[in-house]
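Coordinate inspection notes
Chain residues, written in single-letter form:
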Amino acid sequence: MTSTDLINWEKAGYVFPSGSWPVWATGYMWAPEIHYVNGMFHVYFSAKSNINQRFSIGVAQSSSHTGPFVDVGAPIIENEELGVIDVHWFMDPIDGKPYVVWKTDDNAVGQAARIFIRQVQEDGITFSEDAPINHILSADLQLEQNVVEGPWIIFKDPFYYLFYSGNGYLSPHYYTGVARGFSVTGPYEKQEVGEKDVFLHTDLNIFNSGENSTFVGPGHGSVVSVGEDWWFVYHSWRWDQVGESPGRVLLLDKIVWDDTTNWPHIGTPSIQSSQAPELLASDQDKSSVANLWAKVLRLYDMVTIHVA
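Keep in mind the model is a prediction, meaning the values are calculated, not measured.

Rules used in this analysis
- Residues numbered from 1 in each chain as written.
- Predicted model: local features only at pLDDT ≥ 70, side-chain atom pairs only at ≥ 80, totals over all residues.
- Heavy atoms only, no water.
- Phe/Tyr/Trp six-rings, centres within 6.5 Å; stacked < 30°, edge-to-face > 60°.
- Buried < 20%, exposed > 50% of the residue type's maximum accessible area, 1.4 Å probe, protein only.
- Helix = DSSP H or I, 4+ residues; strand = E, 2+ residues; numbered from the N terminus.
- Polar contact = N/O pair within 3.5 Å; in protein donor to acceptor, adjacent residues only side chain to side chain.
- Contact = heavy atoms within 4.5 Å.
- Pairing = 2+ DSSP bridges.
- Axes fitted to C-alpha atoms, helices over the stretch in contact; angles between N-to-C directions.
- Salt bridge = Lys/Arg side-chain N within 4 Å of Asp/Glu carboxyl O.
- Core = buried A, V, L, I, M, F, W, Y, C linked by side-chain atoms within 4.5 Å.

1. Re the packing of aromatic side chains
Remark: the centre distance and the inter-plane angle together describe each pair of aromatic rings, the angle taken between the planes. Tallying each qualifying case throughout the model produces 16 aromatic pairs. Relative to Tyr161, the ring of Phe159 lies with its centre 5.8 Å away and its plane at 70 degrees, an arrangement referred to as edge-to-face. For the residue pair Phe159 and Tyr161, the accessibility class agrees, reading buried in each case. Where Tyr161 meets Trp257, the ring centres are 5.0 Å apart and the plane angle is 70 degrees; that geometry is what we call edge-to-face. Here Tyr161, found in strand S11 (residues 159-166), pairs with Trp257, found in strand S17 (residues 256-257); they are 96 residues apart in sequence, far enough to count as distant. For the residue pair Tyr161 and Trp257, the accessibility class agrees, reading buried in each case. Cluster of aromatic residues (ring-pair linked, three or more members): Phe159, Tyr161, Phe182, Trp230 and Trp257.

Okay, structure coming up:
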């Protein structure tokens, strides 16, 4: 999909049109992202492998943000015992080293889910044999209900912030939390607050009263910077339609930073219109912003997102 303002979108096409799915995948395409990596546009995604029926992580490449994309031929991350999903690519702005972040699907077997990070080669696909796999987050809080997923990392001096989702995605209690640390590979400290004070959550005061809270279960989002502002693009269910048609909707809210604690916050999804991100005026600056957004936006339905 394409947009010039993150508000209005037009469909641009599919990463994998009918008949062009990866030869190793049986389906269940989940949680893709698009990034500009080493001169190519990479779509990172999860899919079930036809070898072991476990979720694995793949990559498709193109010289254009609208494709055509070609799968690299095999998963880049696998786990024979647990599925691996929700891949995220991040380049450390301090030293220029690229990393891949992912979740193991422990909660599918009744265990606490975990999030890992590993430095990847410049090609965004291969790993050095001596590159360690660092465990950076676990679902160890009661409100997470064994789930941490959908990782997204940013750097805002002096911290690396890890945005993640907790609880079950089919629950109105699904939410977005934040952890932070002084190193991209951890350790990360979670913002341990109550369910009504996490970074982004359902308006539980309205929801628990049985009234229409408009949007519920907000999570699995991407952080986008425009000028000095930071924005969160995420999905949410409509009230009273969790798990039902027409499915989740894509929302956008501005992040507010606490000057005292340096923690980010949104609260509950906006239910009224608000001012959109301010685009830079000149064509040159607009091109720069477009390139940035092309690199950082997460894809939700295997369609290409970029800024025209």
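There's plenty left to go through after this.
2. Examining the side chain of Ser46
Of note, Ser46 is situated in strand S3 (residues 40-49). In this structure the side chain of Ser46 is engaged in a polar contact, spanning 3.1 Å, whose partner is the backbone nitrogen of Asp86. When near neighbours in sequence (up to four residues on either side) are disregarded, Ser46 contacts Tyr28, Met29, Trp30, Phe55, Ser56, Ile57, Val84, Ile85, Asp86 and Val87.

3. What to know about the sheet that holds strand S4 (residues 55-62)
Within the open sheet, the four strands sit side by side as S2-S3-S4-S5. Their pairing is antiparallel. The open sheet has two edge strands with one neighbour each: strand S2 (25-37) and strand S5 (70-71). By the bridge criterion, eight bridges tie S3 to S4 in an arrangement that is antiparallel. Paired with Phe41 across the two strands is Ser62, which belongs to S4.

4. Observations concerning the sheet that holds strand S7 (residues 98-104)
The antiparallel open sheet is built from four strands, whose spatial order is S6-S7-S8-S9. Two strands close off the open sheet at either side, each with one partner strand: strand S6 (84-91) and strand S9 (133-138). In this sheet, neighbouring strand axes are inclined to one another by 25 degrees on average, regardless of whether the strands run parallel or antiparallel. In this sheet, S9 lies alongside strand S8 (residues 114-119) in antiparallel orientation, the contact comprising five bridges.

5. Quick word on unusual backbone geometry
Following Gly67, the chain continues into Pro68 via a peptide bond in cis, with omega recorded as 10 degrees. You can see Pro68 is positioned in the loop between S4 and S5. Here the amide bond leading from Gly186 into Pro187 is cis, since omega sits at 5 degrees, within 30 degrees of zero. Residue position: Pro187 is located in the loop between strand S12 (175-181) and strand S13 (189-190). With a phi close to 60 degrees, Gln53 is a non-glycine residue in the positive phi region.

6. Thoughts on the pairing of S12
For S12, the tally of buried residues reaches seven of seven residues, placing the bulk of the element in the interior. Judged by which residues are buried, S12 turns out to be covered on both faces: Tyr175, Gly177, Ala179 and Gly181 on one side and Thr176, Val178 and Arg180 on the other are all buried. Taken together, the seven bridges between S11 and S12 define a ladder with antiparallel strand orientation. Note on S12: the bridge partner recorded for Tyr164 is Gly177. Looking at chain direction, S12 and S13 are connected through two bridges and run antiparallel. Along S13, the bridge assignment pairs Ala179 with Lys190.

7. Points about the pattern of salt bridges
Within this structure, the stated rule accounts for six salt bridges. Among the salt bridges present, the one from Glu149 reaches Lys103, with a minimum N-O distance of 3.1 Å. Linking Glu149 in strand S10 (residues 148-156) with Lys103 in strand S7, this pair joins segments that are 46 residues apart in sequence. What makes Lys103 buried here is its relative accessible area of 1%. For Lys190, the salt bridge is made with Glu144, and the minimal N-O distance between the two is 2.7 Å. Of the two residues, Lys190 is situated in strand S13 and Glu144 in the loop between S9 and S10; the sequence distance between them amounts to 46 residues. With respect to burial, Lys190 and Glu144 carry one shared label: buried.

8. Some details on the environment of Val256
By secondary structure assignment, the location of Val256 is in strand S17. The spatial distance from the C-alpha of Val256 to the C-alpha of His201 is 15 Å, given a sequence separation of 55 residues. In contact with Val256, not counting residues within four places along its chain, are Trp263, Pro264 and His265.

9. As for the nonpolar core
Grouped together as the largest cluster of nonpolar side chains are 21 residues, with contacts concentrated most on Ile153, Val184 and Tyr188. Contributing elements (two or more residues each) for this core: S7, S8, S9, S10, S11 and S12. Look past the residues within four positions of Val184 in its chain and what remains in contact with it is Phe90, Asp92, Tyr99, Ile117, Ile153 and Tyr160. Membership of the second largest hydrophobic core comes to 19 residues, among which are Ile154, Phe215, Trp230 and Ile255.

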